[in-house]
Amino acid sequence: MIILHHVPLARSLRVLWLLEELGLDYELRYYSIRDGSMRSPEFLALSPAGRVPVLEHEGAVWVESAAIVQMLCETYPDAGLMPPPGHPERARFMEMLSLSETVGCLLENLNLNQVFLRPPARPSPTVVKLLNARLRAVLAAMEARLEGDHLLASGFSAADIMFVYGFELARYYVDLDAYPRLMAYWDRLRARPGYQRAKARDGEQDIYAQAFYPVPEE
Ligand SMILES: N[C@@H](CCC(=O)N[C@@H](CS)C(=O)NCC(=O)O)C(=O)O
């Protein structure tokens, strides 16, 4: 039995999409960052830091999306979603897993400042401006680097799943039209049946109340 503990539109969406690409049977358990469900003793017993994703798989409990993605790709190698050790694209794949979490952490900090902070606390316009510029710098670097249809020259891999999740969420903070190659790449990935099945099961997100969060005035 595989159980994915999931918050709609959170990093657990990466694992959800990968489970769909792998064609595995799994149960989804839904939580919200806002309703306290991730602070229950039952959830904290699985994820002591109170975060998703959590994956229960063959009797083991996994946290950290990049580690879960790597473990699943290694456990189900026939899907060919990760270059094995020694493969010429292995280093690039690992780099993309880490880079995806660089994007994830920038988004997390923007979320803290612009979505989750409650009055009387107020975001620092200077910090938000810096975070936003850093996010745009990573996306611009990826726009310049993307040469083919996917992050790896050999085709679709779990690195695309890791990265595109953050690219999609960046739309709340930056104008994605500034990255036409990444937009075309996103369109290609969105057309995948596995992506569409994952989105159909993702659930209603309650993180973002606006379609776009501009940098606040100084
Ligand atoms: N590096 C971790 C980050 C996990 C993480 O921070 N998840 C967020 C959702 S995207 C979370 O659970 N936040 C809950 C909270 O901050 O209370 C991963 O990739 O799994």
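Residues numbered from 1 in each chain as written. Predicted model: local features only at pLDDT ≥ 70, side-chain atom pairs only at ≥ 80, totals over all residues. Heavy atoms only, no water.

An unreviewed UniProt entry annotates the protein as Glutathione S-transferase GST-6.0 of Roseovarius tolerans.

(A) How the structure looks around the overall build of the protein. Looking only at helices and strands, one finds eight helices and four strands in the protein. Each helix (α) and strand (β) of the protein, taken in turn from the N terminus, gives the series β-α-β-α-β-β-α-α-α-α-α-α. For the protein, whose C-alpha radius of gyration is 17 Å, the value lies close to the compact-globule estimate of 17 Å for 218 residues. In terms of its C-alpha atoms, the protein occupies a principal-axis envelope of roughly 50 × 45 × 30 Å. Counting across all 218 residues of the protein, residues that qualify as buried make up 49%. Taking contacts inside the protein between residues at least 6 apart in sequence as the whole, the part at least 24 apart equals 70%. Surface exposure of the protein reaches about 10700 Å², of which carbon and sulfur atoms provide 55%. (Helix = DSSP H or I, 4+ residues; strand = E, 2+ residues; numbered from the N terminus. Rg over C-alpha atoms; globule rule 2.2 N^0.38 Å. Buried < 20%, exposed > 50% of the residue type's maximum accessible area, 1.4 Å probe, protein only. Contact = heavy atoms within 4.5 Å. Areas by Shrake-Rupley, 256 points an atom, 1.4 Å probe, with all protein chains shown as cover.)

(B) Highlighting the site of the ligand. Inspection of the region around the ligand gives Ala10, Arg11, Met38, Arg39, Gly50, Arg51, Val52, Pro53, Glu64, Ser65, Glu101 and Glu108 as its neighbouring residues. Arg39 places a polar side-chain atom, nitrogen or oxygen, 2.7 Å from an oxygen atom of the ligand. For the ligand, whose free accessible area comes to 510 Å², the fraction covered by protein is 84%. Grouping the constituent residues of the shell around the ligand by class yields four nonpolar, two polar and six charged. (Near = heavy atom within 4 Å. Polar contact = N/O pair within 3.5 Å; in protein donor to acceptor, adjacent residues only side chain to side chain. Nonpolar A, V, L, I, M, F, W, Y, C, P; charged D, E, K, R; others polar.)

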